[in-house]
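Structural features, examined
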Amino acid sequence: MLKVVFCATLWECESALKNKNYGFKKICEAPFEVWRNKSKIVVITGIGLVNASVAFAWATKKFKFEESLNIGAVGLAITKKMPKKIELGKCYKISKVKCLEPYNDEVYKLSNSGKTLVSASRPISTTDERMRAGKFGELIDMEGYALARSASIFSKKIEMIKMLTDFSEKCDTHANILRLSEGFAEMDNIWI
């Protein structure tokens, strides 16, 4: 069965798309960059809630699929139960998705186990911003909520796997994403 993988940026999945063992070919340049192999379609949504929701809606019209996956970078929120050791590159399965923005109170349950993801419309990097986000969830991104909401609206199943790329305002998130994208590429079960 065909599964659609949504990534905000090419940086997050470029290593996998270039891996000859996975056999991806670019099939679309606009309005979204899309890659395909025998069992997966990868849609590069662009960064942010709006881009993610529009890309999901577009993909439902363009491709026949029932299951989807969102992979990508995630930041660490500041919570009362912080991990003792922060591991850049650690992957987390997401169980619930919430939104930091007003008037988006719906909570989407994706699985019975995993971390709670909170999505925001802008980067969350300062200590104060991370503490505010920590009241909603343990991890922070900019697309998850839009994808979960879109999946719900279009009656599609969605899973999320996020890789920790930042935990403080001193982190070079872009450099970490590029360095850690190899970790996503090594997850054969995502790409085959």
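It is worth spelling out the pattern of salt bridges at this point. Applying the stated criterion to the full structure yields seven salt bridges. Ionic pairing is found between K26 and E29, a salt bridge with its closest N-O pair at 2.9 Å. Look at K26 and you get partly exposed, because its relative accessible area is 40%. Here E29 falls in the exposed class, since its relative accessible area comes to 52%.

What follows deals with the packing of helix 1 (residues 10-18) against helix 5 (residues 173-185). Interhelical geometry of helix 1 versus helix 5 gives an angle of 35° and a closest axis separation of 7 Å. Pair helix 1 / helix 5 crosses with right-handed handedness. On the side of helix 1, the interface is formed by W11, E12, S15 and A16, while helix 5 contributes H174, I177, L178, S181, E182, F184 and A185. When grouped by side-chain class, the residues that make up the contact of helix 1 with helix 5 number six nonpolar, three polar and two charged.

What follows deals with the packing of aromatic side chains. Per the counting criterion, the structure on display carries eight aromatic pairs. Taking 6.0 Å as the distance between ring centres and 85° as the angle between the ring planes, the aromatic pair formed by F24 and W191 counts as edge-to-face. With F24 in the loop between helix 1 and strand 2 (25-28) and W191 in helix 6 (residues 188-191), this pair connects stretches of sequence that are 167 residues apart. You'll find F24 and W191 in the same group, each marked buried. A ring pair is formed by W58 and F63, whose centres lie 5.9 Å apart and whose planes are at 85°; its orientation type is edge-to-face. Summarising the burial analysis for this pair, W58 and F63 share the class buried. An aromatic cluster is built from F6, F56, F65 and F154, whose rings are joined through pairwise contacts.

Moving on: the environment of F167. You can see F167 is positioned in the loop between strand 10 (157-166) and helix 5. Relative accessible area serves as the criterion here: at 33%, F167 is assigned to the partly exposed category. Considering only alpha carbons, one finds F167 and T126, 41 residues apart in sequence, at a separation of 9.6 Å. In contact with F167, other than residues within four places in its own chain, are L76, I86, L88 and R130.

Conventions adopted
Residues numbered from 1 in each chain as written. Predicted model: local features only at pLDDT ≥ 70, side-chain atom pairs only at ≥ 80, totals over all residues. Heavy atoms only, no water. Salt bridge = Lys/Arg side-chain N within 4 Å of Asp/Glu carboxyl O. Buried < 20%, exposed > 50% of the residue type's maximum accessible area, 1.4 Å probe, protein only. Axes fitted to C-alpha atoms, helices over the stretch in contact; angles between N-to-C directions. Helix = DSSP H or I, 4+ residues; strand = E, 2+ residues; numbered from the N terminus. Left-handed = near helix turned anticlockwise from the far one by under 90°. Contact = heavy atoms within 4.5 Å. Nonpolar A, V, L, I, M, F, W, Y, C, P; charged D, E, K, R; others polar. Phe/Tyr/Trp six-rings, centres within 6.5 Å; stacked < 30°, edge-to-face > 60°.

None of this, on its own, says anything about what the molecule does.
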